[in-house]
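Secondary and tertiary structure notes
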Amino acid sequence: MNRTARLYALVEELRAAAPRPLTVAVLATRFEVSTRTVQRDLQALMDSGVPVRTTPGRGGGWTIDPATTLPPLHFTADEAAALAAALAAADASAPYAGAARTAYQKIVASMTGPGSAAARELAARIVALPARTDPAVRAAVERALTDAEVLRLSYVDAAGRESEREVEPAGLLTAEGRWYLIAWCRTRRAGRGFRLDRITAAATTGEQTRPHDLADLLHGSAAADAVPPAALASLT
C-alpha cells in the first residue's frame, strides 16, 4: 500500500472506530508498518487540516470527528483537473478563498502521474484580477453565513456615504467579477446587497439570525433573475 492510499485508509479506520480512540500501535499492526510511520502519517493528516486528534494518557489514542470529514471520493482525471482548475481560479479576495486553496492543495497532492502534472499545468494557465477586500471583513462574512449570525458592518455606498448597519446574512451573489453579501438590513427593513469591497469593517455579534429566503430578498432587484452556478444547480 502506497502512502496516499494509506492516508485515506487511516482516515477511514479512525472514522469507523469513532468516537473510540485507536492507539498508534493498533494502527501500525493494522497497516503492517512501524509505529514511527503511523505517527508521521497522522501528523501529516493533522497538518493538512484533517480533524484528527490525539488524547494522551491511559485509554487515549487518535480519534477523528466523523461529522467534519467526507469519505474518500473517486474522481476521474478530468474531474480532478476541473476541480483543481476551478479552485485555483478562486482569487484571494473571494469568499472562502482560504478553504479553496487548501482544497486545491489536497486534490493535487492526492493525484499521481500524468493526471497530477496536467492539473498543475492547467491551473498555472488561469489568472485572476483580485478585488480589494479586507481579509478580516471576508472572514467575518464567512463566519456569519456559516454560523447564521447577525453581522454588524460599516458600509460605503456608490456615492461615498458611509453607514453602520446590522444585517441578517442570507447568501452570496457574484456578478461581473464582484461579490455581494445579500442580507436583510435591519436599518432599511428590507433585503439589500452589500459589495464586499465596500464593506470597511465587519464583526459577528453572536446573535442567531432568523432564516431568509434568498430569492425573496433578490425579488425586485437587478439580481432578481440570478440562478445558482451550473455546477451547483443540481444541488438546490
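What you see is a predicted model; the values in this text were computed from it and never measured.

Observations concerning the packing of aromatic side chains
In total, this model carries one aromatic pair according to the counting rule given. Measuring from centroid to centroid gives 5.0 Å for Y155 and F194, while their planes differ by 85°, and the two rings are edge-to-face. Of this pair, Y155 sits in strand β3 (residues 149–156) while F194 sits in strand β6 (residues 190–195); the two residues are 39 residues apart in sequence, bridging distant segments of the chain. As far as burial versus exposure is concerned, Y155 and F194 are alike and both buried. In this structure, R30 packs its charged tip against the face of F31, placed 4.8 Å from the ring centre. Across the ring face of W184, the terminal group of R210 is positioned such that the distance to the ring centre comes to 5.4 Å.

Observations concerning the nonpolar core
Counting residues in each nonpolar core, the largest one holds 18 residues, and the members touching the most others are L14, L27, L42, L45 and V52. Those elements giving two or more residues to this core turn out to be α1 (3–17), α2 (24–31), α3 (35–47) and β2 (61–64). For this core, the leading source of residues is α1, giving six residues. Sequence-distant contacts of L45, that is, excluding residues within four places in its chain, are made with L7, L10, V11, V50 and V52.

Considering the sheet that holds strand β5 (residues 178–185)
By definition, the strands of a sheet pair up through backbone hydrogen bonds, in either a parallel or an antiparallel sense. What the five strands build is an open sheet, ordered β6-β5-β4-β3-β7; its pairing is antiparallel. Two strands lie at the open edges of the sheet, namely β6 and β7 (199–208), each paired on one side alone. Across the sheet, the mean angle separating the axes of adjacent strands is 45° when strand polarity is ignored. Note: strand β4 (residues 162–175) against β5, eight bridges, orientation antiparallel. Each residue of the ladder has a partner; that of A175, found in β5, is R178. Its contacts with the sheet place helix α7 (residues 135–147) against β3, β4, β5 and β7, and it is angled at close to 25° to β7.

Concerning the environment of A80
As for its placement among the helices and strands, A80 is situated in helix α4 (residues 77–88). C-alpha of A80 to C-alpha of V108: the two residues are 28 residues apart in sequence and 8.0 Å apart in space.

Procedures and definitions
Every chain begins its residue count from 1, and numbering advances along the sequence as written. The model is predicted, so local features are restricted to residues of pLDDT at least 70 and side-chain atom pairs to those at 80 or more, both for listing and for counting; the totals for chains, interfaces and linings are taken over all residues. Values reported for side chains reflect all heavy atoms of the structure, with hydrogen atoms and water molecules removed beforehand. Centres within 6.5 Å make a pair out of two Phe, Tyr or Trp rings, where for Trp the six-membered ring is used; the pair is then stacked when the planes are under 30 degrees apart, edge-to-face when over 60, and tilted otherwise. Secondary structure follows DSSP: runs of H or I at least 4 residues long count as helices, runs of E at least 2 residues long count as strands, and numbering of each begins at the N terminus. Burial classes follow relative accessibility: with a 1.4 Å probe on protein chains only, a residue under 20% of its type's maximum area counts as buried, one over 50% as exposed, and anything between as partly exposed. Ring-over charges, as used throughout, are those where CZ of Arg or NZ of Lys falls within 6 Å of the ring centre and within 35 degrees of the ring normal. Take the buried residues of types Ala, Val, Leu, Ile, Met, Phe, Trp, Tyr and Cys, join any two whose side-chain atoms come within 4.5 Å, and each joined set is a nonpolar core. Here, two residues are considered to be in contact whenever any of their heavy atoms come within 4.5 Å of each other. Should DSSP find at least two bridges between two strands, the strands are regarded as paired. Between N-to-C directions, angles cover 0 to 180 degrees, with each direction set by a line fitted to C-alpha atoms, over the stretch in contact for helices.

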